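Residue-level structure breakdown
What follows is each chain in one-letter form.
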Amino acid sequence: MVVVAAASQEILKPHLAIEGGHALGGTLRVSGAKNSALVLMTAALLTQEPVELCNVPALTDIAGMCSILESLGMRVSRRGDRITLVADQLNGSEPPYELVNSLRASFFSIGPLLGRLGHARVPLPGGCRIGARPVVEHIKGLKALGAVVDVRHGVVTASIPGQRNRLKGAQIVLDCPSVGATETILMAAVLADGVSTIENAAQEPEVQDLAGLLNSMGAKIKGAGGPLITIEGVASLHGSRNYSVIPDRIEAGTFLMAAAITRSRLHVAPVIPEHLSAVLQKLRDCGCKLEIEGDGLTITPGDIQAVDITTQPFPGFPTDLQAPFMALMATAKGTSVISEKIYENRMQHVGELQRMGASIRLDGSTAIVEGVPLLGSAPVTGSDLRASAAMVLAGLSASGTTQVSGLKHLDRGYDNIEAKLTSCGAQINRHNG
Ligand code: UD1
């Protein structure tokens, strides 16, 4: 009886029902980058003038960031993929705990709040399922810029001492090239007195995108996208119009892997190939042909062979594509070794892939994946955003109908994923439970 009750609850959960085995064809459109858009939105705190972003993806994380910014007094209006943000009358410098906790990137607002208002109180975002995710480097950077920072009872309070309310340029060397720390420090330093440098900066394209927006607002930033960023502080920033968010390289990578796992020829666009170099190389190594066509890539998978990957900061193979790539390797010929080097607990998809018949041995943060000819369907749950995407890919290639739960994660980061895949021939139905 207990087993029956548990099983029926499982069926009632919101899920995607994916009938596997259908070839895909046509073009998969890539939305704007979630991780860029979230941070660009917080950068609008730095000016009283309107900041207008386009190519913003339709995601629950973006809606969450809108709520956080509105809680600080920002006016946010959205039309299609366009968001206009106006921070002319900020009435708060403390985003609420519930909102920050549910959206880690909102912690990065501490940088622009401090730069603009001279003080900020932001709850610590806390760890998450994939790892501890400290913010030590963010805080270290703000202190180097002259802020007084106090962490007490789970809240970070930062303020600028003295009358002038201005941070002071400094030389900052990061212990690790943290994306969030680089972005936080960048947003704090643009309004500081004098010149700041960030050494061992994160080189991710999203950092470059942030610098692009800030420069369009009058900031003076050089070197973003490389390991040394130089920021010459300016007195104030103005607004920006029509700033277009870069295409989401992680969504693009997921789609290329969807083509590979279903052995289907697909066009994925728009893609900036340099943002995906390590991923494209691995796809070629495992037997896919990739051709640049227009603003995108056409992928033609061959006989997929096992290849090894190790996740690394950009330009290395991104941790956010480790789980989707593992789904692909679960169907490859041979054995691949997948090492996760960024997060200590990002292997929760292994158990779910095993439920679908994947042959995977886990040794700490390394998975040894022996490809099988065909995965089988099963009810599975995505434990985080990218693990959910891996389950969708596995479901597309499996025999039978796979039921993927954990949609709240998927909807955080994939804009209309089932509509996009269905338009290319996938058989997916959403059940809202
Ligand atoms: C960003 C991305 C996330 C991606 C990650 C790594 C956003 C909103 N999220 O997260 O999707 O998975 O980059 O590419 O952009 N670390 C420290 N000390 C610190 C800060 C970080 O040790 O003070 C470590 C973390 O524990 C982790 C690694 O550095 O092991 C990467 O973290 P970080 O680059 O900060 O990731 P986020 O910016 O949070």
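In this text, all values refer to a predicted model and were calculated from it rather than measured experimentally. (Residues numbered from 1 in each chain as written. Predicted model: local features only at pLDDT ≥ 70, side-chain atom pairs only at ≥ 80, totals over all residues. Heavy atoms only, no water.)

**Observations concerning the packing of helix 9 (residues 249-261) against helix 10 (residues 277-285)**
Describing two packed helices takes the angle between their axes plus the distance from one axis to the other. Viewed as axis vectors pointing N to C, helix 9 and helix 10 meet at an angle of 5°, and their least axial separation amounts to 11 Å. In terms of their interaxial angle, helix 9 and helix 10 are classed as roughly parallel. Contact with helix 9, carried on its side by Leu-256, Met-257 and Ala-260, involves Val-279, Leu-280 and Leu-283 of helix 10 and no other residues of that element. The residue makeup of the contact of helix 9 with helix 10, split by class, is six nonpolar, no polar and no charged. (Axes fitted to C-alpha atoms, helices over the stretch in contact; angles between N-to-C directions. Helix = DSSP H or I, 4+ residues; strand = E, 2+ residues; numbered from the N terminus. Parallel < 35°, antiparallel > 145°, perpendicular 65-115°, else oblique. Contact = heavy atoms within 4.5 Å. Nonpolar A, V, L, I, M, F, W, Y, C, P; charged D, E, K, R; others polar.)

**Quick look at the site of the ligand**
Around the ligand lies a shell of 18 residues, among which Glu-137, Ser-178, Val-179, Asp-320 and Ile-342 are the nearest. A distance of 2.8 Å separates an oxygen atom of the ligand from a polar atom in the backbone of Glu-137. A distance of 2.9 Å separates an oxygen atom of the ligand from a polar side-chain atom of Tyr-343. Taken by itself the ligand offers 740 Å² of open surface, and the protein chains cover 82% of this. Residue assignment for the shell around the ligand shows that the elements contributing at least two residues are helix 6 (136-144) and helix 7 (179-189). For the shell around the ligand, the element with the most residues is helix 6, which contributes three residues. The class makeup of the residues in the shell around the ligand is nine nonpolar, five polar and four charged. If you count residues domain by domain, the shell around the ligand takes at least three from each of domain 1 (9-31 + 247-431) and domain 2 (34-244). (Near = heavy atom within 4 Å. Polar contact = N/O pair within 3.5 Å; in protein donor to acceptor, adjacent residues only side chain to side chain. Areas by Shrake-Rupley, 256 points an atom, 1.4 Å probe, with all protein chains shown as cover. Domains from an automatic or database assignment.)

**Section: the pattern of salt bridges**
Taken as a whole, this structure holds 20 salt bridges when the rule is applied. Between Arg-241 and Glu-52 there is a salt bridge; the shortest N-O distance is 3.8 Å. In this pair, Arg-241 is assigned in strand 13 (residues 240-244) and Glu-52 in strand 3 (residues 51-54), connecting sequence segments 189 residues apart. The class of Arg-241 is exposed, set by a relative accessible area of 69%. According to the relative accessible area criterion, Glu-52 is buried, its value standing at 13%. Between Arg-164 and Asp-193 there is a salt bridge, with the nearest N and O atoms lying 2.5 Å from each other. Here the residue Arg-164 occupies a position in the loop between strand 8 (155-159) and strand 9 (171-173), and Asp-193 occupies one in the loop between helix 7 and strand 10 (195-199), the gap between them amounting to 29 residues. What makes Asp-193 partly exposed here is its relative accessible area of 26%. A network of salt bridges, in which partner residues are shared, links Lys-34, Asp-61 and Arg-412. (Salt bridge = Lys/Arg side-chain N within 4 Å of Asp/Glu carboxyl O. Buried < 20%, exposed > 50% of the residue type's maximum accessible area, 1.4 Å probe, protein only.)

**Let's talk about the domain arrangement of the chain**
By domain assignment, the chain separates into domain 1 (9-31 + 247-431) and domain 2 (34-244). Across the boundary between the two partners, domain 1 contributes 23 residues, which contact 18 residues of domain 2. At the boundary of domain 1 with domain 2, total buried surface from both sides reaches about 1,800 Å², with 48% on carbon and sulfur atoms. Among the residues of domain 1 in contact with domain 2, Phe-314, Tyr-343 and Arg-412 are the three that bury the most area, contributing 31% of the side total. For the pair domain 1 and domain 2, the interface holds two salt bridges. Salt-bridge contacts for Asp-61 lead to Arg-412; the nearest nitrogen and oxygen are separated by 3.0 Å. One can count eight residue pairs in polar contact (both at pLDDT 80 or more) joining domain 1 with domain 2. (Buried area = accessible area lost by both parts, 1.4 Å probe.)

**Details of the sheet that holds strand 6 (residues 119-123)**
With antiparallel pairing, the three strands of this open sheet are ordered in space as 6-8-7. A single partner strand is all that each edge strand has here, and the edge strands are strand 6 and strand 7 (148-152). Sheet twist, expressed as the mean angle between neighbouring strand axes with direction ignored, is 15°. Sheet topology places strand 7 next to strand 8; five bridges connect them, and they run antiparallel. Looking across to strand 8, one finds that Arg-152 is bridged to Val-155. (Pairing = 2+ DSSP bridges.)

**Looking at the sheet that holds strand 10**
Ordered in space as 9-10-12-11, the four strands form an open sheet in which the pairing is mixed. Looking along the sheet, the strands with just one partner apiece sit at the ends: strand 9 and strand 11 (220-222). Along the sheet, successive strands turn relative to each other by an average axial angle of 15°, direction set aside. Bridge analysis of strand 9 against strand 10 gives three bridges, and the strand direction is parallel. The residue of strand 10 that forms the bridge with Ile-172 is Ile-198.

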